[in-house]
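Letter by letter, the chains look like this.
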Amino acid sequence: QELALKSLGNEGLFLFSSLDTNKDLYLSPEEFKPIAEKLTGVAPGSESEEEEAPDPHGETLNIVAKFQPLVMETMTKSKDGFLGISHVALSGLRNWTAPAAPMSVLLARQFKAFLPPKNNLELGDPWWIIPSELNIFTGYLSNNRFYPPPPKGKEVIIHKLLSMFHPRPFVRTRFAPQGAVACLQASSSFYYSIAFRIHAEFQLNEPPNFPFWFSPGQFTGYIVLSKDSSHVRDFRLFVPNNRSLNVDMEWLYGASESSSMEVDIGYLPQMELESTGPSVPSVIHGEDGQELHSRDPSGEPIQFVFEDISWQQEIPWQEAAHRLEVAMYPFKKISYLPFTEAFERAQAEKKLVHSILLWGALDDHKGSCAPPGSGRTLRETVLESSPVLALLNQSFISSWSLVKELEELQSNRENEFYSKLAKLHLEKYNFPVEMIICLPNGTVIHHINANYFLDITSMKPEDVESSIFSFSSNFEDPSTATYLQFLKEGLQRAQPHLQP
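Rules used throughout
- Per-chain numbering applies: the sequence of each chain, read as written, is numbered from 1 onward.
- The model is predicted, so local features are restricted to residues of pLDDT at least 70 and side-chain atom pairs to those at 80 or more, both for listing and for counting; the totals for chains, interfaces and linings are taken over all residues.
- Note that water and hydrogens are dropped before the side-chain values are worked out from all heavy atoms of the structure.
- To qualify as a nonpolar core, a set must consist of buried Ala, Val, Leu, Ile, Met, Phe, Trp, Tyr and Cys residues joined through side-chain atoms within 4.5 Å.
- Buried residues are those whose accessible area, probed at 1.4 Å on protein chains only, stays under 20% of the maximum for their type, while exposed residues exceed 50% and partly exposed ones sit between those limits.
- What marks off one domain from the next here is an automatic or database domain assignment.
- In this analysis, two residues are considered to be in contact whenever any of their non-hydrogen atoms come within 4.5 Å of each other.
- Centres within 6.5 Å make a pair out of two Phe, Tyr or Trp rings, where for Trp the six-membered ring is used; the pair is then stacked when the planes are under 30 degrees apart, edge-to-face when over 60, and tilted otherwise.
- Secondary structure is summarised from DSSP: a helix means a run of H or I of at least four residues, a strand means a run of E of at least two, and numbering begins at the N terminus for each.
- Expected helix span is taken as 1.5 Å per residue step, with the number of steps being one fewer than the number of residues.
- Each residue is assigned a bend, namely the angle between axes fitted to the seven residues that terminate at it and the seven residues that start at it.
- To obtain the arc, one takes the directions from the helix axis to the C-beta atoms.
- Per residue, pLDDT captures the predictor's confidence, and it can take any value from 0 to 100.
- Pairing between strands is defined by DSSP: at least two bridges between the two strands are required.
- Whenever two N or O atoms come within 3.5 Å, that pair is a polar contact, provided that in protein one can donate a hydrogen and the other can accept it, and provided that, for residues adjacent in sequence, both atoms are side-chain atoms.
- For helices, the fitted axis covers only the stretch in contact; all axes are lines through C-alpha atoms, and the angles between them, taken along N-to-C directions, range from 0 to 180 degrees.
- Throughout, the term roughly parallel applies to angles under 35 degrees, roughly antiparallel to angles over 145, roughly perpendicular to angles from 65 to 115, and oblique to all others.
- It is the rotation of the near helix from the far one that decides the hand of a crossing: anticlockwise by less than a right angle makes it left-handed, clockwise makes it right-handed.
- Note that Gly is not counted as nonpolar here; it falls among the polar residues with everything else outside the nonpolar set of Ala, Val, Leu, Ile, Met, Phe, Trp, Tyr, Cys and Pro and the charged set of Asp, Glu, Lys and Arg.
- The term salt bridge refers to a side-chain nitrogen of Lys or Arg lying within 4 Å of a carboxyl oxygen of Asp or Glu.

An unreviewed UniProt entry annotates the chain as SELN protein of Erithacus rubecula.

Asks: Looking at this model, I keep getting lost on the nonpolar core. Mind explaining?
Replies: Ranked by internal contacts, the top residues of the largest apolar core, which has 117 residues, are Phe111 and Phe235. Of the domains in this structure, domain 2 (59-281 + 309-324) and domain 3 (329-498) are the two that each give at least three residues to this core. Contacts of Phe111, omitting those with residues within four sequence positions, involve Leu61, Ile63, Leu106, Ile157, Leu161, Ile223, Leu225, Val232 and Phe235.

Asks: Any chance you could explain the packing of aromatic side chains here in plain terms?
Replies: Aromatic rings considered in pairs are described by the distance between their centres and by the relative angle of their planes. Enumeration according to the criterion identifies 22 aromatic pairs in this entry. Centroid distance Phe196 to Phe235: 5.9 Å. Interplanar angle 15°. Geometry classified as stacked. Note that Phe196 is positioned in strand 6 (residues 191-199) and Phe235 in strand 10 (residues 232-238), a separation of 39 residues in sequence. Residue classification places Phe235 among the buried residues on the basis of a relative accessible area of 0%. These aromatic residues form a ring-pair network of at least three members: Phe67, Trp96, Phe165, Phe202, Phe214 and Phe219.

Asks: Is there a simple way to explain helix 12 (residues 478-498) in this structure?
Replies: Think of an α-helix as turning once every 3.6 residues; residues three or four places apart then point the same way. Its 21 residues place the ends of helix 12 29 Å apart at the C-alpha level, agreeing with the 30 Å of an ideal helix rising 1.5 Å per residue. Where helix 12 bends most, at Gln492, the angle is about 25°, and the proline Pro496 comes one to four residues later. In this structure, the buried side of helix 12 is in contact with strand 19 (352-358), helix 8 (386-395), strand 20 (396-402), strand 21 (433-438), strand 22 (444-449) and helix 11 (450-457).

Asks: For this particular structure, what's the right way to read the environment of Ser386?
Replies: Looking at where Ser386 falls in the secondary structure, it is placed in helix 8. Residues Ser386 and Thr480, 94 residues apart in the sequence, show an inter-C-alpha distance of 9.2 Å.

Asks: I would appreciate a short explanation of helix 9 (residues 403-411) in the present structure.
Replies: Val403, Glu405, Leu406 and Leu409 are the residues of helix 9 that are buried. Across the axial projection of helix 9, the buried residues extend over an arc of 160°, all falling on one side.

Asks: Would you mind going over the confidence of the model for the chain with me for this structure?
Replies: The predicted structure's coordinates, where accompanied by low pLDDT, should not be read in detail. Looking at the chain as a whole, the pLDDT averages 85, with 82% of positions reaching at least 70. Per-element averaging of pLDDT across the chain places strand 16 (residues 291-293) at the bottom with 62 and strand 13 (residues 270-275) at the top with 98. Here residues 45-50 scores under 50 on pLDDT; set against residues more than four positions off or in separate chains, the count is 10 contacts. Across residues 466-475, confidence stays below pLDDT 50; counting only partners more than four residues off in sequence or on other chains, it has 20 contacts.

Asks: Is there a simple way to explain unusual backbone geometry in this structure?
Replies: Residue Pro177 follows Ala176 across a cis peptide bond; omega there is -5°. You can see Pro177 is positioned in the loop between strand 4 (169-170) and strand 5 (179-187). In this structure, the amide linkage connecting Pro207 to the following residue, Pro208, adopts the cis form with an omega of 10°. Structurally, Pro208 can be placed in the loop between strand 7 (201-203) and strand 8 (212-216). A positive phi angle, close to 65°, is found at Ser229, a residue other than glycine. For Ser229, the location among the structural elements is in the loop between strand 9 (219-226) and strand 10. Owing to a relative accessible area of 1%, Ser229 belongs among the buried residues under this scheme.

Asks: Looking at this structure, I do not really get the pairing of strand 5. What am I missing?
Replies: On a regular strand, one side chain projects to one face of the sheet and the next to the other, so that they alternate. Along strand 5, 9 of the 9 residues are buried, which leaves the element largely enclosed by surrounding structure. Two elements, strand 3 (residues 127-130) and strand 5, share 3 bridges in a ladder whose sense is antiparallel. Among the inter-strand pairings, Trp128 is bridged to a residue of strand 5, identified as Val181. Counted along the chain from strand 5 to the antiparallel partner strand 6, the turn is 3 residues long. Summarising the sheet, strand 5 and strand 17 (residues 313-314) pair through 2 bridges and their orientation is antiparallel. Bridging across to strand 17, Ala186 finds its partner in Glu314.

Asks: What exactly am I supposed to notice about the side chain of Glu250 here?
Replies: For Glu250, the location among the structural elements is in strand 11 (residues 247-252). Relative accessible area serves as the criterion here: at 4%, Glu250 is assigned to the buried category. A polar contact of 2.7 Å, which involves the side chain of Glu250, links it to the side chain of Arg174.

Asks: What is the right way to look at the packing of helix 9 against helix 10 (residues 416-428) in this model?
Replies: Angle between the axes and distance between the axes are the two parameters that describe a pair of packed helices. Direction vectors running N to C along helix 9 and helix 10 enclose 135°, while the axes themselves pass 8 Å from each other. Viewed along their axes, helix 9 and helix 10 adopt a mutual orientation that is oblique. Relative to helix 10, helix 9 is oriented so that their crossing is left-handed. Taking contact as the criterion, the partners of Val403, Leu406, Glu407, Leu409 and Gln410 in helix 9 are, on helix 10, Tyr418, Ser419, Ala422, Lys423, His425 and Leu426. In terms of residue class, the contact of helix 9 with helix 10 is built from 6 nonpolar, 3 polar and 2 charged.

Asks: Sorry if this is basic, but what is going on with the sheet that holds strand 22 here?
Replies: By definition, the strands of a sheet pair up through backbone hydrogen bonds, in either a parallel or an antiparallel sense. The strand order across the open sheet built from 5 strands is 18-20-19-21-22, with neighbouring strands paired in mixed fashion. Edge positions in the open sheet fall to strand 18 (336-337) and strand 22, since each of these has one partner strand only. As judged from the 2 bridges shared by strand 18 and strand 20, these two strands associate in the parallel manner. Opposite Tyr336, over in strand 20, you have Ser398 as the bridge partner. Of the strands in this sheet, strand 18, strand 19, strand 20 and strand 21 touch helix 6 (residues 339-349), which is tilted by about 165° from strand 20. In the packing of helix 11 onto the sheet, contacts are made with strand 21 and strand 22, and the angle to strand 22 comes to roughly 65°.

Asks: What should I look at first to understand the pattern of salt bridges in this one?
Replies: Charged atoms that come close allow side chains of opposite charge to pair. One pass over the full model with this rule turns up 18 salt bridges. Taking the shortest distance from any N to any O, the salt bridge between Glu272 and Arg236 comes out at 2.8 Å. Separated by 36 residues along the polypeptide, Glu272 in strand 13 and Arg236 in strand 10 bring together distant segments of the chain. Here Arg236 falls in the partly exposed class, since its relative accessible area comes to 24%. Of the charged contacts, one joins Lys423 and Glu427 as a salt bridge, the two residues approaching to 2.6 Å between their closest N and O atoms. Note that Lys423 and Glu427 are positioned in helix 10 at a spacing of 4 residues, about one turn of the helix. Residue Lys423 is classed as partly exposed on the basis of its relative accessible area of 41%. Residue class for Glu427 comes out partly exposed when judged on its relative accessible area of 49%.

Dropping the structure here:
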């Protein structure tokens, strides 16, 4: 390591390390491949790309990419004019103004990866297209990387699709939950409608610049395809844009894994792939069995007429999306309602509101990249533990909100009650995450900051002031025990206010 540093210098060793995936201080041909492709401009096909060679005479599907770049003014750093941030650090982001490939033609058979693993799955039962290999115990993958590893198996089609947006998609994210999950939304005699959710990210910079990670909250969408995958009727993949922030960004400031890192969030108006129509045969056979081209003598495509699909079983899109969300995030086994709806439900059911106020989202992949003490740690530990889920389901109405959204709600004077609810929450907020328990009228009766919560749960029980929280002997996990205690103390403090 010292010799390498002496030979290459900091920046050189940083680039070398980003390619040396097994950290043996030698570059194999496979590890050197991204640089070879960059210098030669030639990208040879990987032998591992397809498990089976698709039929070149099979049907083809036209896909178009629609992309509107990140709105720079939505980034937190924009408020002070990106003071102290070098122009070079953001160059990859600023220069990404259009999709890398506005249109692509893919073979229908390549979408076989989206098919369910067996035929007798119930509607809404999730399966993993790309399983997540990370969890709270395995940690996360290196930030010091520029070039994605070669995709294998079912990763290939997803990599091809995401490459239409940008040339460097990472199909497996650095943080959990990784991968892609799917479920049946509808089924007929010959067709499936499949809903899916993908967690992936992009590397926007190349050497000599330092890495810049761009992590959309999620990619979701659906595909309607025949059960033998020979025909794709419809396809759509997109980043949801219904919340005010939907992308996390991280960039390094030095030539090592331990270098300082900046984190920000922003809003991406559009990132979408859509089929222009059903897949069509590239070759047609006439009545005599002779091959005909799929265009008439004038060069115009032959018009195909497709039968309507009559679905025998179907569930709403919202239900399918929720099933995928729970597969990625077990803490969503209980409902997290929108902010104002949670208070209306609490009023009707005479329950307390368990509210989480965050800088970044709780149920998007981007929330996983926020600072320590953020939603990622909460959702992967206490919020998905069975005792906490049981108590929240029994006694609370849960909600999570972005700080930005509550700031907008507070300044909106059209509904004074909602404005007051937001104000009471924001008064208790401390960066990056605040857990709050309040009455249906918005009065806060208990709250704790996530950083403080993680600090005290990482200490030995005897070192924690007993007046703050007491550990329960019924649960070995101090995080679960402490969060249960937090919820129970909230219930206790609320008793005088909830008496009929």
